[in-house]
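Per-entry structural report
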Amino acid sequence: DTTARPETHAPRVRAISILVPKDLRGKVEVMRSATAVNLIITDDLLYPAGDAKLSAAGRALLDRIAAMLERSRYAVSVEGYTDDTPIHTARFPSNWELSTARATTVARYLIRRGMAPARLSAIGYGDTRPRADNATASGRALNRRVTLVLHAKTSRSGHDALRTYRDSKLTGSTDPGATLTRMGI
């Protein structure tokens, strides 16, 4: 049968692998899957409480991560998360703004350290994707984090796996040519 059919799955993805220096272990939690590597950094290593200005220790940690990433060609999504403790300041009316500001602060810092802006995107999730129960101090601490998600390239065309999907479930379109595209910063 040679009838053209719309694609219904994300493109094939090459496995991803990156060497994380030993001195980053304990500061950065590494979670691997077939299509991505997540570098999870708790917020207390990067920022003062309730702020998005990088601390000196946070800048030093990101310098090490930037050096590691410059040896790769992976696309990187910088994801900011908070706990569910409300914030209401002039600068951050809610956790959405705080998490987004933290993600963009990290992305901009990586750009200043030489990373190509086209490789980066920044996303703020606020308190909508907790890792742990917010009922305890230790749970809230786990939920306040920035995750650098390193994405593999597709095997078909070299576009990164997150850039282009032809999947009607993702686009919400029945048009087989519909494309969902993610913008970098």
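Relevant structure appears above.
This write-up is about the structure you can find in this document. (Residues numbered from 1 in each chain as written. Predicted model: local features only at pLDDT ≥ 70, side-chain atom pairs only at ≥ 80, totals over all residues. Heavy atoms only, no water.)

1. Let's talk about the overall build of the protein chain
Stated formally: Only DSSP runs of H or I reaching four residues or more are called helices, and only runs of E reaching two or more are called strands; each is numbered from the N terminus. The classification of residues rests on relative accessible area computed with a 1.4 Å probe and restricted to protein chains. Under 20% of the type maximum is buried, over 50% is exposed, and intermediate values are partly exposed. In what follows, residue pairs with any heavy atoms lying within 4.5 Å of each other are defined as contacts. Working definition of accessibility: Shrake-Rupley area with a 1.4 Å probe, residue cover restricted to the visible protein chains.
Assigned secondary structure in the protein chain consists of four helices and seven strands. By residue count, 39% of the 185 residues in the protein chain fall in the buried class. In the protein chain, once contacts between residues fewer than 6 apart in sequence are set aside, the share between residues at least 24 apart is 66%. Split by element, the accessible area of the protein chain, about 10400 Å² in all, is 53% carbon and sulfur.

2. Concerning the packing of aromatic side chains
Defined as follows: Put simply, two rings from Phe, Tyr or Trp (the six-membered ring, in Trp's case) pair if the centres are within 6.5 Å, and we call them stacked under 30 degrees between planes, edge-to-face over 60, tilted for the rest. Whether a charge sits over a ring comes down to the Lys NZ or Arg CZ being within 6 Å of the ring centre and within 35 degrees of the ring normal.
This structure, assessed with the given rule, holds one aromatic pair. Centroid distance tyrosine 81 to tyrosine 125: 5.2 Å. Interplanar angle 20°. Geometry classified as stacked. Pair noted here: tyrosine 81 is in strand 3 (residues 75–81) and tyrosine 125 is in the loop between strand 4 (120–124) and helix 3 (137–143), with a separation of 44 residues, a long-range link. Each member of the pair, tyrosine 81 together with tyrosine 125, is buried. The ring centre of tyrosine 81 lies 3.7 Å from the NZ or CZ of arginine 145, which sits over that ring.

3. With respect to the layout of surface pockets
The line we're drawing: Definitions used for this entry: grid spacing 1 Å over protein atoms alone; cavity, a set of points where a 1.4 Å probe fits but cannot get out; pocket, an open set with protein on both sides within 12 Å along at least 5 of 7 lines; lining residue, one with an atom within 4 Å of a point. Grid points are joined across faces, edges and corners, and a volume is the space filled by probe spheres set on the points. For this scheme, ten residues count as nonpolar: Ala, Val, Leu, Ile, Met, Phe, Trp, Tyr, Cys and Pro. Four count as charged, namely Asp, Glu, Lys and Arg, and the remainder, Gly too, count as polar.
Within this model, the largest pocket holds a volume of roughly 180 Å³. If you go around the largest pocket, you meet 15 residues; those closest to its centre are Asp43, Ala49, Gly50, Arg102 and Arg144. Looking at the lining of the largest pocket residue by residue, the classes come out as six nonpolar, four polar and five charged.

4. Some details on the environment of aspartate 84
Of note, aspartate 84 is situated in the loop between strand 3 and helix 2 (95–112). Considered as a pair, aspartate 84 and arginine 144 are 60 residues apart in the sequence and their alpha carbons are 9.2 Å apart. Non-local contacts of aspartate 84, meaning those with residues more than four positions away in its chain, are made with Asn95, Asp127, Asn134 and Arg140.

5. What about the side chain of glutamate 79?
Under the convention used in this document: Two N or O atoms count as a polar contact when they lie within 3.5 Å, although within protein this holds only if one can serve as hydrogen donor and the other as acceptor, and sequence-adjacent residues are included solely when both atoms are side-chain atoms.
By the element assignment, glutamate 79 lies in strand 3. Here glutamate 79 falls in the buried class, since its relative accessible area comes to 12%. Here tyrosine 81 takes part through its side chain, which lies 2.4 Å from a polar atom of the side chain of glutamate 79. Glutamate 79 has contacts with Ala103, Ile123, Tyr125, Arg145, Val146, Thr147 and Val149, leaving out every residue within four places of it along the chain.

6. Structural notes on the pattern of salt bridges
Counted only if it meets this: When a carboxyl oxygen of Asp or Glu is within 4 Å of a side-chain nitrogen of Lys or Arg, the pair counts as a salt bridge.
A full pass over the atoms with the stated rule returns six salt bridges. Among the salt bridges present, the one from glutamate 29 reaches arginine 131, with a minimum N-O distance of 2.9 Å. You can see glutamate 29 sitting in strand 1 (residues 29–32) and its partner arginine 131 sitting in the loop between strand 4 and helix 3, a full 102 residues away along the chain. One salt bridge connects aspartate 83 with arginine 144, and the closest N-O pair in it is separated by 2.7 Å. With aspartate 83 in the loop between strand 3 and helix 2 and arginine 144 in the loop between helix 3 and strand 5 (145–151), the pair connects residues that are 61 residues apart, well separated along the chain. Through salt bridges with shared partners, a single ionic network connects Asp43, Asp83, Arg102 and Arg144.

7. Considering the environment of arginine 140
Along the chain, arginine 140 falls in helix 3. A sequence separation of 57 residues divides arginine 140 from aspartate 83, and the C-alpha atoms of the two residues are 5.2 Å apart. Ignoring any residue separated from it by four or fewer positions in sequence, one finds arginine 140 in contact with Asp83, Asp84, Thr85, Asp133, Asn134 and Ala135.

8. Considerations on the nonpolar core
Applicable threshold: The criterion is simple. A nonpolar core is a set of buried Ala, Val, Leu, Ile, Met, Phe, Trp, Tyr and Cys residues joined through side-chain atoms within 4.5 Å.
Of all hydrophobic cores here, the largest spans 29 residues; its most connected members are Leu39, Leu46, Ile65, Val78, Val106, Leu148 and Leu150. Those elements that place two or more of their residues in this core are strand 2 (36–42), helix 1 (56–69), strand 3, helix 2 and strand 5. Looking at this core element by element, the count peaks at six residues for helix 1. Within the second largest apolar cluster, five residues are counted, among which are Ala52, Ile87, Phe92 and Ala101.

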